[in-house]
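Observations on chain architecture
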Amino acid sequence: MLIHSNEVSKESLLLHSLSSDDYIENIGPIIRTAIKNNGLDNLIETLQETVCDKEQQLQEVSVKGSSDIKLAVGSIIEVKKISDDLRYKVLEINDDLESTGKVLNEKNKVSIKYKKLYNKINETIFVLKSCLQILELTNKIIDLIGKKSFYHALKNLQDLVNIHLNEIETFEFTKKIISSVPTLHKMIKEDSFSFVKKWLGNLERHFHTIGDDCFQHLQALNSYWSETRSQNPILAQYSINSPIELSVRPDKFKTFDPFSLNNITLDSVYDSMMVYDTINELGELKEQFKKEWLIKKDRLVYPMYNSNPSQEMFLDRNQLKDFIYSLTGLLVCDRLIGVKTHFKLRSSSESTEMFVTICKRLVPILKKHVDEKITTLDDIIFFKKLICCSIQILEQCDYPIENLYSILLCILQRYMKIITNNFKIELVKNMNADDSMPLVVKDMESYKSISIISWYRHTPTNNRFPKQLPFSSIYPMTCLQIQNLIKEVNEFIDDFYSYQGREILHITIETIDSVLNNVVIKNLRHKIESTIKEVIAQNLINLEFFSTSVREIENLLSYSSDSRSIDSIHLTAYDNFLATRKLAEDKLFEMVDTKVEDLLDFVDYDWRTKGQNAEPNIFIKDIGQFLQMMFTSTFSNLPRTVKSLLLLRTFDLLSSYFLDFLKRSSLFTKEAIYNFDMDITYIESIINELNGQNQNQSVDEDEEKSIEEHSIPTSVSLQSTFIELRQLINLLKSGTLDEFKEQSIRMRKYDRIKPEDAISAIHKLEREPEIGEEPNELQQNSAIASISGSGRFARFGYKFKKSTAG
């Protein structure tokens, strides 16, 4: 089986090799293999069988294909006939084509001729179109320049330059157009800025109008904000341009544009900017614009730099108003131009620098105007509103207003001077009208009103009217004046004075303090220079209340001002009121002392009298009645501190006088001592009566504090003024030194009497020396020695002499 398979494989391989084109090369290895395997005979045999098979196959194919060949020959003959017919037809067509080609050839020649002509026409049309385009662009550029559309003219000029002019550059008109490009370029550049200059000139004519519009807008904003603050007390402390105000400001105020309001557009400026930006010369435009803008500024502020320092720049308020309006319009326009051009022409720093430069010259001029021309409240209010509105407008434009704010402080100081002067005029008028009498109110409504105005917190014990108040009319009138003054100052600074609160408060405090010191106190001092004790006494009472009112005024200033501005408020007027009160006290004391001394000049005693009086001497009664009238009427409303001191001084003066009067007498009888005792007892009864009234006088808290500060003596101190005199009178009434010699009795009844005074007085009582004879010194020394015992009176400086007498 295996052998048969190999034979089949060899036969197939042989057939395959013989059927290939390169069978000689393929059969070579087969023959070599057969020779090597001794199979050549088999190979030959195989080849012969293969040849026989192939011949047989060929014969079968030949027999089968003969019929097909016959059919094919018939078809070929038929095809030949058809091809002959076609050949004849092709020849005919060829003849036709030959004749037609000749015609086409002639036509082609004509066509080529016309095509060359057509190309020449097209070239001519292209040249004509190019010429027309150049001419149209040139005319359009000139037309746009005439219409002030410089940017579009420049763009068209650039298009003109970018056109390929090779085909027409030899034409004369083309050469002229090309040569005119730089001229057109320069014309566009110069004309565009020329119209910017015209725009600036038009804007300059609108400076005043724009300033007026800004002021009207701000006044409307101020009115709106004032109404808003009145409806919402929380916003009362916030002013215009504060962050809170800006956050709630309506859109109609935020979108205010004075350019739109005056139909001013920046088209010329924008067009020029695009022109210069296109030619990369925006920096040059900025410099030229700055130069022209500064010319406009200099023309406006020229009077500031050329005015005579000795002459006033503004002749009247209208001229000042026009200048401020125009200047404000200039500065607003400067900032608006920067904003609307994205600061490409006017930077924020340039605008600020120009503003600062103007302020350096303007501020001194305005301060000079305030000092020299502002004389009335109407003038100062007009000037304040004008400057303050201008500052608020410029603050909205983000200008640094610190320098201008110094003008507001100057205005405030001038305002303070004017209202101080008005205050002085009114106060002097009230002072002259004041009668220096206690104020009398007729009903409870008036009483409450005056109590509130005067900070008088005394509650009435009954509702019976009329009532007499301790102070005179000048005190509540002055208090009302001061309260109105503080109110006016607060209203003056409320709307516009948003910065430097501490300095403003200091100015306010200094003004109020100055008013109190230089106006109120000065006029009160003039009052206490009077020679009428009632006037001095009443004004002393007024000063008591004035000194108390200073603390209320300090509280009022603290309440009406920003509590963060200053820690506490202290007015120097308080100490000056106290000093003036002390002057009034001294003046009153001096007058009382003088009057008492005048009365004492009429005192005359007959120390040798032998008769006893039934009542006090008439001059003693006069003194007593004077004291009663003075302390119960004239001095009834004096503060208890002052009244107590007056009582003490007066009775101390009387005691000293009578004691000295008694000591200076060379002789007195027992009847004279009796009469003198009656007179002194009468004076002592006056002391008790007046002291009791003084003790019952009502005292408020402030007066109690004053009592502690001054340490006024009590009734015991007042009674002690007559102790030495009373003890000496009692000793004389006893007629001897027996009790005085007893130490225990002496320390209880005569502790105020000096031994030499006691001996001298008793000696004058016991014997009657001749007129002009002095007491015997030896007798006095012996008596002193007997009283002194162990010499405890040696401290009085007495030197005792040994007497040879028995």
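Here is what the cut-offs are and how they apply
Residues numbered from 1 in each chain as written. Predicted model: local features only at pLDDT ≥ 70, side-chain atom pairs only at ≥ 80, totals over all residues. Heavy atoms only, no water. Helix = DSSP H or I, 4+ residues; strand = E, 2+ residues; numbered from the N terminus. Buried < 20%, exposed > 50% of the residue type's maximum accessible area, 1.4 Å probe, protein only. Contact = heavy atoms within 4.5 Å. Areas by Shrake-Rupley, 256 points an atom, 1.4 Å probe, with all protein chains shown as cover. Salt bridge = Lys/Arg side-chain N within 4 Å of Asp/Glu carboxyl O. 1 Å grid on protein atoms, 1.4 Å probe; cavity = no way out; pocket = protein on both sides within 12 Å on 5 of 7 lines; lining within 4 Å. Points joined across faces, edges and corners; volume = space filled by probe spheres on them. Nonpolar A, V, L, I, M, F, W, Y, C, P; charged D, E, K, R; others polar. Patch = residues over 30% accessible without salt bridge, like charges linked within 9 Å, V, L, I, M, F, W, Y side chains within 5 Å. Expected span 1.5 Å × (residues − 1). Arc of directions from axis to C-beta. Axes fitted to C-alpha atoms, helices over the stretch in contact; angles between N-to-C directions. Parallel < 35°, antiparallel > 145°, perpendicular 65-115°, else oblique. pLDDT = per-residue confidence, 0-100. Phe/Tyr/Trp six-rings, centres within 6.5 Å; stacked < 30°, edge-to-face > 60°. Lys NZ or Arg CZ within 6 Å of the ring centre and 35° of its normal. Disulfide = S-S within 2.5 Å. Lys, Arg positive; Asp, Glu negative; His and termini not counted. Left-handed = near helix turned anticlockwise from the far one by under 90°.

So, about the overall build of the protein chain. If you tally the helices and strands in the protein chain, you get 30 helices and two strands. Burial status across the protein chain gives 42% buried among its 806 residues. Restricting to contacts in the protein chain with at least 6 residues of sequence separation, those with at least 24 account for 78%. When the accessible area of the protein chain is evaluated, it comes to approximately 46,000 Å², of which 53% is carbon and sulfur surface.

Once that is clear, we can look at the pattern of salt bridges. Per the counting criterion, the structure on display carries 31 salt bridges. Glu-190 serves as the salt-bridge partner of Lys-186, at 3.8 Å between the closest nitrogen and oxygen. Of this pair, Lys-186 and Glu-190 both sit in helix α5 (residues 172-205), separated by four residues, roughly a single helical turn. Overall, Glu-190 belongs to the partly exposed group, its relative accessible area being 42%. Residue Glu-204 pairs with Lys-296 through a salt bridge whose shortest N-O separation is 3.7 Å. Pair noted here: Glu-204 is in helix α5 and Lys-296 is in helix α11 (residues 282-306), with a separation of 92 residues, a long-range link. Among the residues examined, Lys-296 registers a relative accessible area of 9% and is labelled buried. Through salt bridges with shared partners, a single network forms among Asp-677, Glu-684, Arg-726 and Lys-733.

Here we come to empty space enclosed by the protein. Tallied over the entire structure, the rule returns three cavities of 30 Å³ or more. Within this model, the largest cavity holds a volume of roughly 100 Å³. Lining the largest cavity we find 14 residues, and of these Leu-327, Leu-362, Ser-390, Leu-394 and Leu-404 sit closest to its centre. If you list the elements that add at least two residues to the lining of the largest cavity, you get α12 (317-340), α13 (348-373) and α14 (377-396). Among the elements that line the lining of the largest cavity, the one with the most residues is α13, at five residues. Among the residues making up the lining of the largest cavity, the classes are represented as twelve nonpolar, two polar and no charged.

On the surface, a cluster of nonpolar side chains totalling about 460 Å² of accessible area is made up of Val-110, Tyr-114, Leu-117, Ile-121 and Ile-125. Within the secondary structure layout, Ile-121 lies in helix α3 (residues 40-146).

Bringing helix α4 (residues 150-162) into the picture now. With 13 residues, α4 extends 18 Å between its outermost C-alpha atoms, agreeing within 8% with the 18 Å of an ideal straight helix rising 1.5 Å per residue. When α4 is considered as a whole, its buried residues turn out to be Phe-150, Ala-153, Leu-154, Asn-156, Leu-157 and Leu-160. End-on view of α4: buried residues confined to an arc of 165°, all on one side of the axis.

Attention now goes to the packing of helix α21 (residues 618-634) against helix α22 (residues 640-664). For the pair α21 and α22, interaxial distance at closest approach is 12 Å and the crossing angle is 170°. As judged from the angle between their axes, α21 and α22 are roughly antiparallel. In this structure, α21 contributes Ile-620, Ile-623, Leu-627 and Phe-631 to the contact, and α22 contributes Lys-643, Leu-646, Leu-647, Thr-650, Phe-651, Leu-654 and Phe-658. Broken down by class, the residue content of the contact of α21 with α22 amounts to nine nonpolar, one polar and one charged.

In this section: the confidence of the model for the protein chain. Per-chain confidence: the protein chain averages 81 in pLDDT, with 84% of residues scoring 70 or above. For the protein chain, the element scoring lowest by mean pLDDT is helix α24 (residues 701-710), at 38; α12 scores highest, at 93. Counting interchain partners and residues more than four positions distant, the pLDDT-below-50 stretch residues 1-5 has zero contacts. Below a pLDDT of 50 lies the segment residues 698-714, which in the model reaches 17 contacts outside its immediate sequence neighbourhood of four places, other chains included.

Glancing now at the packing of aromatic side chains. Applying the stated criterion across every chain, the model contains 29 aromatic pairs. A ring pair is formed by Tyr-456 and Phe-471, whose centres lie 5.4 Å apart and whose planes are at 90°; its orientation type is edge-to-face. Taken together, the residues span a long stretch of sequence, with Tyr-456 in the loop between α16 (444-454) and β2 (467-468) and Phe-471 in the loop between β2 and α17 (474-494) at a distance of 15 residues. Accessibility assignment for this pair places Tyr-456 and Phe-471 in one class, buried. Ring geometry for Tyr-657 against Phe-658: centres 5.7 Å apart, planes inclined by 75°, an arrangement best described as edge-to-face. Look at Tyr-657 and you get partly exposed, because its relative accessible area is 23%. What makes Phe-658 buried here is its relative accessible area of 0%. Put simply, the rings of Tyr-605, Trp-607, Phe-619, Tyr-657, Phe-658, Phe-661, Phe-668 and Phe-676 pair up and form one aromatic cluster. Above the face of the Tyr-574 ring, Arg-551 is positioned so that its terminal group lies 3.7 Å from the ring centre.

Applying the stated rule across the entire model yields zero disulfides. Its sulfur unpaired, Cys-389 is 7.1 Å from the next cysteine sulfur, which belongs to Cys-388. The exposure class of Cys-389 is buried, given its relative accessible area of 5%.

Bringing the environment of Cys-479 into the picture now. Examined against the element boundaries, Cys-479 turns out to sit in helix α17. Its relative accessible area of 1% is what places Cys-479 among the buried residues. Considering only alpha carbons, one finds Cys-479 and Phe-546, 67 residues apart in sequence, at a separation of 8.5 Å. Those residues within four positions of Cys-479 in sequence are excluded, and the remaining contacts are Ile-453, Ser-454 and Trp-455.

Let us now look at the side chain of Glu-350. When you line up the elements, Glu-350 lands in helix α13. The charged side chain of Glu-350 is buried without a salt bridge, its nearest counter-charge being Arg-346 at 4.0 Å.

This part takes up the packing of α14 against helix α15 (residues 402-433). Orientation of α14 relative to α15, taken along the N-to-C sense of each, is 160°, at an axis distance of 10 Å. Looking at the two axes, α14 sits roughly antiparallel to α15. Along this stretch, α14 crosses α15, giving a crossing that reads as left-handed. Of the residues in α15, those in contact with Leu-377, Ile-380, Phe-383, Lys-384, Ile-387, Cys-388, Ile-391 and Leu-394 of α14 are Leu-404, Tyr-405, Ile-407, Leu-408, Ile-411, Arg-414, Tyr-415, Ile-418, Ile-419 and Asn-422. A breakdown of the residues in the contact of α14 with α15 according to their chemical character gives 15 nonpolar, one polar and two charged.

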